[in-house]
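What follows is each chain in one-letter form.
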Amino acid sequence: PYVNTKDILEKANKEYYAVAAFNINNLEFLQAIVEGGIEKKSPLIIETSEGAMKYAGMGDPLRGASLFVKMVREFADSLDIPIALHLDHGKNFKYIISAIKAGYSSVMIDASDKPLEENLKATKDIVRIAHAAGVSVEAELGKLAGIEDNVASAESVLVNPDEAKYFVEETQVDFLAPAIGTSHGAFKFKGEAKLDFDRLKKVKELTKMPLVLHGASSVVQEMVEIAENYGADFGGSKGVPSDILKETVRLGINKVNTDTDLRMAFIAGLREFLQNNPKEFDPRKYMETAKSYVKKVVSDRLELLGSANKA
Ligand SMILES: O=C(COP(=O)(O)O)NO
Ligand code: NA
Ligand SMILES: [Zn+2]
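Along each chain, residues carry numbers from 1 onward, in the same order as the chain's sequence is written. Each chain is given a letter, starting from A, and each ligand a number, starting from 1, according to the order in which they appear as written. Only residues with pLDDT of at least 70 are given local features in this predicted model, and only at 80 or more are side-chain atom pairs given and counted; all residues enter the totals for whole chains, interfaces and linings. The basis for the side-chain values is all heavy atoms of the structure; hydrogens and waters are excluded.

Novice: When you look at the pattern of salt bridges in this model, what are you seeing that I'm missing?
Specialist: Side chains that carry opposite charge are capable of pairing whenever their charged atoms lie near each other. By definition, a salt bridge exists where a carboxyl oxygen of Asp or Glu is found within 4 Å of a side-chain nitrogen of Lys or Arg. Overall, the coordinates contain 21 salt bridges when judged by the stated rule. The salt bridge partner of Arg301 is Asp261, with a shortest N-O separation of 3.5 Å. Placement of the pair is Arg301 in helix 13 (residues 288-305) and Asp261 in helix 11 (residues 260-276), with a sequence separation of 40 residues. The classification of residues rests on relative accessible area computed with a 1.4 Å probe and restricted to protein chains. Under 20% of the type maximum is buried, over 50% is exposed, and intermediate values are partly exposed. On the basis of relative accessibility, which here comes to 2%, the residue Asp261 falls in the buried class. A run of DSSP states H or I qualifies as a helix once it reaches four residues; a run of E qualifies as a strand once it reaches two. Both are numbered from the N-terminal end.

Dropping the structure here:
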C-alpha cells in the first residue's frame, strides 16, 4: 500500500531499525528498487529531488511530481509492502507545494544553510501547510560535509544537539536530519571515514524522534570494480563503510538516504552490457543488467539496515 512516511518511520523508530530512502529520476530505478523491496519484504521510501521533478516533468515540476505520484502509487497499490514517496531537499516553496498538491507522502524543507531562526521559520511555515494536508515533514540541522581527523572540515557545520531539541519542539517537524559528518556524492572522506556518533547519540536522547542520515551511500566496491573494468573512472571514491552505517542505526538513525550507490550500480551494469553486446538495441534488454545491479545493491542495503521482513 501507499502510506505516509511518518508511519514507516515511527515503526522503525520504535523497533530501532532503519528504512532506506532511495532517490529516483526514472522508471527503471523505481522498478529495480521495488523488486528489491518485494524480495526482502521491506518497507520502501522512494524520494525525488526538485531536479528530478523538473527532469520527469520536462521542465514543469508539478507535472513531474504528479507523474512520480502516479508511478509510485501504481506499484504501491498493487503490493503488500508499504511504500511512501518523499520530496528530498525541498528548497523552493513552489516545488514543495507542488509535491504536496500532487500527493507526496512527505516533504523535506531544507533550510539548513540558513541561520537557525530562519531555518526554524521556514520549517514552521511548511509544517503548518503540510500537516493541514496530511503530509509529514523532514528538516535538516547543521550542514553536510566531511570530518577530517576529529575536526569538522571547513564547510561542514555539525548539528548542535541542544539546538535540535529546541528546533523540533518549536517546529513540530516529523523527522530530523542531523549533520554528523557525511556529505553527498561518491567522494565523502579524504582520509579515514569518520562520523560524530556522540552528537548523534545526544540528538536521539534529546528528541526521541525518527532521525535521517543524508549522504549515506557506501560506494560499493564491487560496483566500482565492474564500472572501472568497462571504462569508468571512479578513482578516489569513498563512502560510508557498512560497519559505520550499522552503528548509526544502532544509535537511532531511521531513514537512510541512498542515491549515489544506485547510480554507480546502474552505470556499472550499463557499461558492462553495452561493451559485451554490440548488436543489442532493445532498451528492455540493454538496461537489464543495470537494473539487476541496482536491485542487488537495494536488497543488500535493506538487509543491512534491518528493514527486511518488516513490511
Ligand atoms: O543524501 C542523499 C543521498 O546521499 P548519497 O550521495 O550518499 O547517496 N540524498 O538526499
Ligand atoms: Na530527504
Ligand atoms: Zn541528502
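Novice: What is the right way to look at the environment of Ala139 in this model?
Specialist: Inspection of the secondary structure puts Ala139 in strand 5 (residues 136-141). You can call Ala139 buried: its relative accessible area is 0%. It is 26 Å that separates the C-alpha atoms of Ala139 and Ala308, two residues lying 169 residues apart in sequence.

Novice: What am I meant to see in the coordination of the zinc ion (ligand 3) here?
Specialist: When a metal carries six donors in an octahedron, the ideal angles between them are 90 or 180 degrees, while four donors in a tetrahedron ideally lie at 109.5 degrees. Coordination of the zinc ion (ligand 3) by the protein comes from His89 (NE2), His184 (NE2) and His214 (ND1), over a distance range of 2.0 to 2.1 Å. Donor atoms are limited to N, O and S found within 2.8 Å of the metal ion, a distance that becomes 3.2 Å for Na, K and Ca. With water left out, some sites might look partial. Positions of the donor residues of the zinc ion (ligand 3), expressed as sequence spacing, correspond to H-x94-H-x29-H. Separating the zinc ion (ligand 3) from the sodium ion (ligand 2) is a gap of 5.7 Å. In this pair, His89 sits in strand 3 (residues 83-90) while His184 sits in the loop between strand 8 (175-178) and helix 8 (197-207), placing the two residues 95 residues apart along the sequence. Given the relative accessible area of 46%, His184 is considered partly exposed.

Novice: Can you help me understand the layout of surface pockets in this one?
Specialist: The definitions used throughout rest on a 1 Å grid laid over the protein atoms alone, on which a cavity is an enclosed set of points accommodating a 1.4 Å probe that cannot get out and a pocket is an open set flanked by protein within 12 Å on both sides along at least five of seven lines; lining residues are those having an atom within 4 Å of a point. Grid points are joined across faces, edges and corners, and a volume is the space filled by probe spheres set on the points. Empty space within the largest pocket amounts to approximately 290 Å³. Taken together, 21 residues form the lining of the largest pocket, with Asn23, Asp88, His184, Asp259 and Arg263 sitting closest to its centre. Secondary-structure elements contributing two or more residues to the lining of the largest pocket are strand 2 (44-48), strand 3, strand 10 (253-258) and helix 11. For this classification, Asp, Glu, Lys and Arg are treated as charged, while Ala, Val, Leu, Ile, Met, Phe, Trp, Tyr, Cys and Pro are nonpolar and the rest, including Gly, are polar. Looking at the lining of the largest pocket residue by residue, the class counts come to 3 nonpolar, 13 polar and 5 charged.

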